[in-house]
Every structure is written in C-alpha cells, then in structure tokens.
Amino acid sequence: MDKKELIAASRILMTDYNRFPSALYEFTKAFWHEVVKDPFIDNWHIKFLCDRIQEEVERIAERIPKTKDLIVNISPRSLKSYIFSIMLCPWSWTKYPSLKFINSSYSHQLSTDHCLKGRRLIQSAWYQMHWGHQFELTGDQNAKSFYENDKGKARRAAYARLASDMGIDVHDCHIGSFDLDQCRQARRIVNTWEVPSV
C-alpha cells in the first residue's frame, strides 16, 4: 500500500469508524490490499455475500439456532474464497474473538493458503493498530494451517486436522482418494469436532 492509499484508508476509518468493524463488506474493501495486489473491483454480489454471511456469524455469536443451511454456488473467480475463507475469520475476530473457524477446500494446499492469508491479515500493521488490543495470536500455536488467539479460539485448515486425527500424512488426506473405511473414519472424526457451523 502506498502513502496515498494509506491516507485514504485512514480517512475512511476516521470519518466512519462505527461502520467499519461492524460490516464485513466494508472490512473486505478496506483490507483487500493486504491479501490481493490487484485493485478491488466492486459488484453487487460481493456486498450481498458479505451481508449474508455476516448475518450468520452474528447469529452464531448470539447462539441463535439455525433455521436453514447456507449454500453458496457461484462461478469461480467470484471472490467466494476471499470472502468466506480469508476475510471472514479476521473480520469476525474484531467483534467476536471467541469464535472458532475451520476451513476446507478441494486441496490441502489451497486450504492452507487461505489460512495463511487470513493470518497475515491479522498480523498486518493496520489490523493490529485497530484491533490488536482485543486479542493476540498465541506464540505456541501460530502455524500456516492452524493458529489460535489468546481467547482460546482457533482457525484450522480441515485437511491438516483430519490428517493428524487419522494418523496419516497430510498429503495423503484427500477425501476423493479414501476407501470406504477411511471415509467412515473421517466422518466419525469430523462429527466429534466442536466448531460452530459458519
């Protein structure tokens, strides 16, 4: 981020600070430069997705039972992964540092990459300047695919955890290559995880 962008972003924070941490959409726009080098190109669906998942996070944080599941089917390159797998956890922890997150993808590497980008965002100077007082990442558990904050809550890439729990190498942990017994074992293990359904 150059000096001009930093000044502009600071003005957004100073003029409308109350909306900034409370809106995932505004957070995504403001912190886009921390995870993507390309300029942010807005579209109506981005705000829609952010608002919808924000409602779910707030529901979960308030412990209101769900009435339905949220399934998002949109074409590739529509920012779904950036919103749900990268921006969501850092934004959520600005308001609810006691939430846990787990993310998965079709590939272990992509899942790890999303965790890493989220962690880098949390560790960025700008994020720390505004929300560093609410929680800290713990030093003893701060890896690419698994990190936790000092409130006892964590974010973990599902493949890394599943591989560990199954006692197999993470590179061998892909649901598509499991035999029937491994699928059953994976299902039993995942059903024991205590993670809110975001």
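Here the structure is shown first, and the text comes after it.
The sections below set out a description of the structure shown in this document.

Parameters at a glance
Residues numbered from 1 in each chain as written. Predicted model: local features only at pLDDT ≥ 70, side-chain atom pairs only at ≥ 80, totals over all residues. Heavy atoms only, no water. Phe/Tyr/Trp six-rings, centres within 6.5 Å; stacked < 30°, edge-to-face > 60°. Helix = DSSP H or I, 4+ residues; strand = E, 2+ residues; numbered from the N terminus. Buried < 20%, exposed > 50% of the residue type's maximum accessible area, 1.4 Å probe, protein only. Lys NZ or Arg CZ within 6 Å of the ring centre and 35° of its normal. Core = buried A, V, L, I, M, F, W, Y, C linked by side-chain atoms within 4.5 Å. Contact = heavy atoms within 4.5 Å.

**So, the packing of aromatic side chains**
Going through the model one piece at a time under the given rule, you end up with 10 aromatic pairs. When the centroid spacing of 4.6 Å and the interplanar angle of 45 degrees are considered together, the rings of F31 and W126 count as tilted. Of this pair, F31 sits in helix 3 (residues 24-35) while W126 sits in helix 7 (residues 125-131), and the two are 95 residues apart along the sequence. Each member of the pair, F31 as well as W126, carries the same accessibility label: buried. A network of ring pairs unites the aromatic residues F27, F31, W126, Y127 and W131 as a single cluster. Across the ring face of Y25, the terminal group of K47 is positioned such that the distance to the ring centre comes to 5.7 Å.

**Let's talk about unusual backbone geometry**
With phi around 60 degrees, R63 is a residue other than glycine that occupies positive phi space. Mapped onto the fold, R63 is located in the loop between helix 4 (44-61) and helix 5 (80-95).

**Topic: helix 3**
Taken across its 12 residues, helix 3 has 10 buried, putting it largely inside the fold. Restricting attention to buried positions, one finds in helix 3 the residues L24, Y25, E26, F27, T28, A30, F31, W32, H33 and V35.

**A closer look at the nonpolar core**
Core analysis: the largest hydrophobic core is formed by 33 residues, its most contacted members being L24, F27, F31, I83, M87, W93 and Y127. Mapped onto this core, the elements with two or more residues apiece are helix 3, helix 4, helix 5, helix 6 (108-123) and helix 7. For Y127, the residues in contact, after removing those within four places along its chain, are F27, F31, P90, W93, T94, L121, I122, G132 and F135. Core analysis: the next-biggest nonpolar cluster, separate from the first, contains 6 residues, L162, F178, I189 and W193 among them.

**Some points on the environment of Q123**
Within the secondary structure, Q123 is located in helix 6. Judged by its relative accessible area of 38%, Q123 falls in the partly exposed class.

Worth remembering: the numbers are spatial, not functional.
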